[in-house]
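# Tertiary structure, described
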Amino acid sequence: PNVRYGVSYLMDEHSRGSMTTGAVSNSEGEFKLDNLSPGKYAVFFEPRPEDEFRADAVRFDVIDQDITGLIARTSKGATVSGVVILEGTQDKAAHEKLRNVHVFAGILEDQVSGGEAQSSAIGQDGSFRVHALKGGLLGFSISNQGRFQITRIERDGIVYPKGIKINDGEQVSGVRIILNYGSGTVRGI
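Described in the following lines is the structure provided in the data block.

Analysis parameters
Residues numbered from 1 in each chain as written. Predicted model: local features only at pLDDT ≥ 70, side-chain atom pairs only at ≥ 80, totals over all residues. Heavy atoms only, no water. Salt bridge = Lys/Arg side-chain N within 4 Å of Asp/Glu carboxyl O. Buried < 20%, exposed > 50% of the residue type's maximum accessible area, 1.4 Å probe, protein only. Pairing = 2+ DSSP bridges. Helix = DSSP H or I, 4+ residues; strand = E, 2+ residues; numbered from the N terminus. Axes fitted to C-alpha atoms, helices over the stretch in contact; angles between N-to-C directions. Phe/Tyr/Trp six-rings, centres within 6.5 Å; stacked < 30°, edge-to-face > 60°.

## So, the pattern of salt bridges
- Going through the model one piece at a time under the given rule, you end up with nine salt bridges.
- The partner of D34 in a salt bridge is K32, with the nearest N and O atoms 3.8 Å apart.
- In this structure K32 comes out as exposed when scored by relative accessible area, which is 59%.
- For D56, the salt bridge goes to R54, with nearest N and O atoms at 2.3 Å.
- A relative accessible area of 37% places D56 in the partly exposed class.
- According to the relative accessible area criterion, R54 is buried, its value standing at 11%.
- One salt-bridge network, in which partners are shared between bridges, spans E87, R152, E154 and R176.

Structure (structure tokens):
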């Protein structure tokens, strides 16, 4: 009950358009999408910050009649927590800007096909916690990538250049996301 949802229009297997209407399921967990044109769609769900459960997007085709009976099954999601570390600068302004950056985490196979990523604000101490993830090879990105870039991801002192493998429902801690801050200028003619 009371979960935000939206719909994605599936243009082809590698691209989609999403719209979030701010709609919320009712107290019974029921949802409704109106006025969809014929096409391929997926309804997706946005877990609340306190939720540990997740639901996969549910795909459906609109042809020439209303669709009823769609069921989204929930399962306990994985949680990943750790710290973001800014290397290579003592610039206090850069460290201050880090407070406005979010960490995004999502399963890499899903990101190719437009799957969901979950996000977390970065705490004052650099900590983050991303929840309601499904199992698979987990990749990370950050908002504001123009100045901040991820240089490496570590867990327990091991560098993971291709992502961290997580299982459904697993609680992963000790992840370190190492960033650098771009301060150079390139000029040309």
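## A short note on the sheet that holds strand 8 (residues 102-107)
- Taken together, four strands build an open sheet; the order of strands is 9-8-11-14 and the sheet is antiparallel. The sheet terminates laterally at strand 9 (118-121) and strand 14 (164-166), the two strands that pair on one side only. Ignoring which end each strand starts from, the neighbouring axes of this sheet average 35° apart.
- Judged from the five bridges that link them, strand 8 and strand 11 (residues 136-142) form a sheet pairing that is antiparallel. From the neighbouring strand, F104 faces strand 11, where its bridge partner is S141.

## Concerning the packing of aromatic side chains
- If you walk through the whole model with that rule in mind, you get six aromatic pairs.
- Arranged with centres 6.3 Å apart and planes meeting at 75°, the rings of F128 and F140 form a pair that is edge-to-face. Linking F128 in strand 10 (residues 127-133) with F140 in strand 11, this pair joins segments that are 12 residues apart in sequence.
- Put simply, the rings of Y5, F31 and F45 pair up and form one aromatic cluster.

## Some words on unusual backbone geometry
- Not every positive phi belongs to a glycine, and N35 is a case in point at roughly 60°.
- Mapped onto the secondary structure, N35 falls in the loop between strand 2 (15-24) and strand 3 (39-46).
- Of note, A132 is a non-glycine position whose phi angle comes to about 60°, a positive value.
- Assignment of secondary structure puts A132 in strand 10.

## Some thoughts on the sheet that holds strand 10
- On the basis of which strands lie adjacent, the open sheet formed by five strands has the order 10-7-15-12-13 and mixed pairing. Among the strands making up the open sheet, the edge pair consists of strand 10 and strand 13 (158-159).
- Pairing geometry for strand 7 (residues 78-87) and strand 10, over five bridges, is antiparallel. Among the inter-strand pairings, S81 is bridged to a residue of strand 10, identified as R129.

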